[in-house]
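Read off the chains here:
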Amino acid sequence: MSWGIELWDQYDNLAIHTNKGIEFLDKYANFIRDRLAIETEYAAKLRRLVKNYQPKKKEEEDNEFTSWQAFRKVLNEISDLAGQREVVAESLQLQIIQGISLLSKTLREERKKCLSNGTILHQNLTTQLAALERAKRNYEKAYRDSEKAVENYKKADMDLNLSRAEVERYKNIMTAKIQQSDDAKNEYANQLQKSNNLQQQHYHELLPEVFNRLQELDEKRTRGIREFIISAADVESSVAPIIARCLEGMVKAGESINEKEDSYKVIERYQSGFTPPGDIPFEDLSKMDTLDTSQESHYNHVQSSHLTVKGTISANKIKKRVGIFNIFGSNKNSLTADGQKEDFSDLPPNQRRKKLQAKIAELQQKIQQETAARDGLMKMKVVYEANSSLGNPMTVEGQLNESEHKLEKLKMDLKKYQGYLEKANQIPIANNSPQANRTHSMNNGHRSSRHSNGSTEDNNFDGDFHPDDAGSLSSSASPESGLGTSHTSLPGSGHGSTHENAIGEDAYYETEMEPLQPLGTCRALYPFEATSEGSIPMNEGEELQVIEIDQGDGWTRVRRINNTNGWDEGFVPTSYIECTLYA
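Computed from a predicted model, the values in this text were never measured in an experiment.

Novice: Residues and numbers for the overall build of the chain, please.
Specialist: Along the chain, the regular secondary structure elements total 10 helices and 7 strands. Intrachain contacts of the chain at a sequence separation of at least 6 include 73% that bridge at least 24 residues. Accessible area for the chain stands at about 33,800 Å²; split by element, carbon and sulfur atoms hold 52% of it.

The structure is reproduced here in structure tokens:
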């Protein structure tokens, strides 16, 4: 099938059809552009989504759970998926959009050239047909004139009144008209032959060639659309395996979640190592000696609880507490950047061991890295000494000394934390917390039990490990750390007021000129060995005087009579004593 043969008379329709075809090609190009924009926007939104849901720095500790690890893997797969969508957009731009633009430009130029040639052919044919029409009219006019001249001659020849000269004139006119008619006839015949030849050539050779070129142009456009559609699908197919692997990665990430393992890690993270308290004994009020004693105990209990709460609230502002004779001025166990003690003694036993082990592993890794760096500097120094043209060995000497100092400090820190871990491993886990044991030892409400926090503690105290600190889920100050809180003695005690002199921003010094008046009495529930500065030892069951109540830091200041040294004052763990305050 050929347009030149089948559509020889549809020049205008073919011109319209080819123009619509190119416009459709441009429309498909716009469709690809819009899809490209969607792919680009989708990829950008996926990347923004991944960025918004990336775990924050404060959430890094939760990364040990399999669900969090799986979610991070899913985010990575989503990021890879976004990258593949970007590849699709880029391929559509390079392979489809540019190809369509080039094809559309070529088709428009070829179509314009074909239509221009067709227009010229139509003009030539029209011109020839107009010349034929003029020749035909001239021939018709000359033929009529010749016939009229012949008729006039015949009339003149039969008219006896006309002279011979006049008849001859009519004859000459007739001869001229006949000659003109013959010439016009020949011209008409010539133009007719030329028109027929041109028309045959126009409709069988020239115009079919133009139409066939338009047909090829349109088929090229159609073939291009087919190839572009297939190429667009191929672009999608080329990334489909990678997208499938991303989806497989998401499935594997989901399958890697282990709820039992996460539950075990929760236990490992938060387990304190303490055992739950035992049963609370029944208090028989009938065995109380007098009602007054009960009322006094109740009053003391209410007053003590009120003051303890007040001290706990005031503990939010950490200040440096300095006791008598400035015995608590030193900072023996400084706090780390996250507010915990250096030896993590403010954590429960299990958590303390875990933190110490992590710290030791971190120090060992740093020592290994620093050792490798030092060995590299030593080798560099040897090379420089062997060949001074490579460098001055003295330039390495300073770096080598600095590396040695760092390594020595890291080894000292490692030895220190290993000592902390060894001491923590030597502390046995209590069968019952001091709080639970205190509950078992309550007797008839004659004391006001006070506790700085509601958590459990280890009833074995050794040096830097404070039971009350160990039971607390948050950092608390102790006498050995040199950190404390502002405190208030009972009203009416005379010397229990606080003297504050602001030094810096968070510290005040307290100066006492004479011994403080006792606020009540207390009994030691457990033995306590005072190895930290500012604390005093006590034996189980020993009676002491309370001269300063707990300010929320887990320590109570007490006094006892020592036959050899006189009055002996210091701090003891609040959870190790039971207090009865005066009315």
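Now that the structure is up, let's keep going.
Novice: Could you give an account of the confidence of the model for the chain, naming the residues involved and the relevant values?
Specialist: Residue-level pLDDT values for the chain average 76, and 75% of them are 70 or greater. For the chain, per-element mean pLDDT is lowest for strand β1 (residues 502–503), which scores 38, and highest for helix α2 (residues 11–52), which scores 93. Low pLDDT (under 50) marks residues 290–332, which in the prediction has 89 contacts with non-local residues, meaning those over four places away or in another chain. Ignoring residues within four places in sequence, the model shows residues 429–513, a span with pLDDT below 50, making 265 contacts including any to other chains.

Novice: Go over the pattern of salt bridges with me, naming the residues and quoting the values.
Specialist: Counted under the stated rule, the structure contains 23 salt bridges. Arginine 523 is paired through a salt bridge with glutamate 578; the nearest N and O atoms lie 2.7 Å apart. Taken as a pair, arginine 523 in strand β3 (residues 520–524) and glutamate 578 in strand β7 (residues 577–581) lie far apart in primary sequence, 55 residues in all. Exposure remark for glutamate 578: the relative accessible area of 5% places this residue in the buried category. Between arginine 560 and aspartate 568 there is a salt bridge, with the nearest N and O atoms lying 3.6 Å from each other. Aspartate 568 sits in the partly exposed class, given a relative accessible area of 21%.

Novice: Give me the packing of aromatic side chains: which residues, what numbers.
Specialist: Going through the model one piece at a time under the given rule, you end up with 9 aromatic pairs. Summarising the aromatic geometry, the rings of tyrosine 139 and tyrosine 143 are spaced 6.2 Å apart at their centres and angled 35° between planes, so their arrangement reads as tilted. Taken together, the residues tyrosine 139 and tyrosine 143, both in helix α3 (residues 66–158) and 4 residues apart, mark about one turn of the helix. Classification of tyrosine 143 as partly exposed rests on a relative accessible area of 40%.

Novice: Give a detailed account of a nonpolar patch on the surface, specifying residues and quantitative values.
Specialist: On the surface, Leu49, Tyr53 and Phe71 cluster together into a nonpolar patch covering about 300 Å² of accessible area. As for its placement among the helices and strands, leucine 49 is situated in helix α2.

Novice: Talk me through the side chain of threonine 556; I want residue IDs and the actual numbers.
Specialist: Structurally, the position occupied by threonine 556 is in strand β5 (residues 555–562). A polar contact is formed between the side chain of threonine 556 and the side chain of threonine 574, at a distance of 2.8 Å.

Novice: Account for helix α5 (residues 259–270), naming residues and giving values.
Specialist: Between its first and last C-alpha atoms α5 spans 17 Å; for 12 residues at 1.5 Å apiece the expected length is 16 Å, and the two agree. For α5, the full list of buried residues reads Asp262, Lys265 and Arg269. Buried residues of α5, viewed axially, fall in a sector of 60°; they line one side. When the buried face of α5 is taken as reference, the exposed residues oriented beyond 90 degrees from it are Lys260 and Tyr264. Against the buried residues of α5 lie α3 and α7 (349–386). A side-chain oxygen of the first residue of α5 lies 3.0 Å from the backbone nitrogen of lysine 260; this N-cap is asparagine 258.

Novice: Residues and numbers for the environment of threonine 18, please.
Specialist: In this structure, threonine 18 sits in helix α2. Separated by 200 residues in the primary sequence, threonine 18 and aspartate 218 have C-alpha atoms spaced 6.1 Å apart. Once residues lying within four places of it in the same chain are set aside, the contact partners of threonine 18 are Trp3, Arg111, Leu214 and Asp218. Polar contacts involving the side chain of threonine 18 include one to the side chain of arginine 111, which spans 2.8 Å.

Novice: Account for a negative patch on the surface, with residues named and values stated.
Specialist: On the surface, Glu109, Glu110, Glu216 and Glu219 cluster together to form a negatively charged patch. Judged by its relative accessible area of 31%, glutamate 110 is partly exposed.

Novice: Lay out α7 with the relevant residues and their values.
Specialist: Here α7 contains 38 residues, and its C-alpha end-to-end distance of 55 Å stays within 8% of the 56 Å for a straight helix at 1.5 Å per residue. Among all positions of α7, only Pro349, Gln351, Arg352, Arg353, Leu356, Ile360, Leu363, Ile367, Glu370, Arg374, Leu377 and Tyr384 are buried. Looking at the buried side of α7, the elements it contacts are α5 and α8 (393–426).

Novice: Residue-level account of the nonpolar core, with values.
Specialist: Most often, soluble globular proteins keep nonpolar side chains buried together rather than apart. Membership of the largest hydrophobic core comes to 28 residues, with the highest contact counts inside it found for Leu25, Tyr28, Leu92, Ile96, Ile100 and Phe228. Counting only elements with at least two residues in this core, the list comes to α2, α3 and α4 (164–255). The element contributing the most residues to this core is α3, with 12 residues. Of all hydrophobic cores here, the second largest spans 19 residues; its members include Leu519, Met538, Leu544 and Ile549.

Novice: Help me get a handle on the pairing of β7, residues and values and all.
Specialist: Counted residue by residue, β7 has 4 buried out of 5 residues, so it is predominantly covered. The pairing of β3 with β7 spans 5 bridges and is classified as antiparallel. Looking at the pairing, arginine 523 lines up with glutamate 578 of β7.

Novice: Residues and numbers for the side chain of arginine 111, please.
Specialist: Along the chain, arginine 111 falls in helix α3. Of the side chains bearing the opposite charge, glutamate 23 lies closest to the buried arginine 111, which forms no salt bridge; the N-O distance is 8.1 Å. Here arginine 111 is in contact with Ala15, Thr18, Asn19, Ile22, Leu214 and Leu217, once residues within four sequence places are set aside.

Novice: Account for the packing of α2 against α3, with residues named and values stated.
Specialist: In a pair of packed helices, the angle between the axes and the distance between the axes together describe the arrangement. In the contact formed by α2 and α3, the axes pass within 8 Å of each other and the chain directions differ by 165°. By the criterion of interaxial angle, the relationship of α2 to α3 is roughly antiparallel. In this structure, the crossing between α2 and α3 has a hand that is left-handed. Each residue belonging to the contact of α2 with α3 can be placed in one class, and the counts come to 25 nonpolar, 11 polar and 10 charged.

Novice: How would you explain the environment of lysine 411 if you had to name every residue and give the values?
Specialist: In this structure, lysine 411 sits in helix α8. According to the relative accessible area criterion, lysine 411 is partly exposed, its value standing at 40%. As for lysine 411 and isoleucine 367, which are separated by 44 residues in sequence, their C-alpha atoms are 7.1 Å apart.

The rules behind the values
- Residues numbered from 1 in each chain as written.
- Predicted model: local features only at pLDDT ≥ 70, side-chain atom pairs only at ≥ 80, totals over all residues.
- Heavy atoms only, no water.
- Helix = DSSP H or I, 4+ residues; strand = E, 2+ residues; numbered from the N terminus.
- Contact = heavy atoms within 4.5 Å.
- Areas by Shrake-Rupley, 256 points an atom, 1.4 Å probe, with all protein chains shown as cover.
- pLDDT = per-residue confidence, 0-100.
- Salt bridge = Lys/Arg side-chain N within 4 Å of Asp/Glu carboxyl O.
- Buried < 20%, exposed > 50% of the residue type's maximum accessible area, 1.4 Å probe, protein only.
- Phe/Tyr/Trp six-rings, centres within 6.5 Å; stacked < 30°, edge-to-face > 60°.
- Patch = residues over 30% accessible without salt bridge, like charges linked within 9 Å, V, L, I, M, F, W, Y side chains within 5 Å.
- Polar contact = N/O pair within 3.5 Å; in protein donor to acceptor, adjacent residues only side chain to side chain.
- Expected span 1.5 Å × (residues − 1).
- Arc of directions from axis to C-beta.
- Lys, Arg positive; Asp, Glu negative; His and termini not counted.
- Charge placed at Lys NZ, Arg CZ, Asp CG, Glu CD.
- Core = buried A, V, L, I, M, F, W, Y, C linked by side-chain atoms within 4.5 Å.
- Pairing = 2+ DSSP bridges.
- Axes fitted to C-alpha atoms, helices over the stretch in contact; angles between N-to-C directions.
- Parallel < 35°, antiparallel > 145°, perpendicular 65-115°, else oblique.
- Left-handed = near helix turned anticlockwise from the far one by under 90°.
- Nonpolar A, V, L, I, M, F, W, Y, C, P; charged D, E, K, R; others polar.

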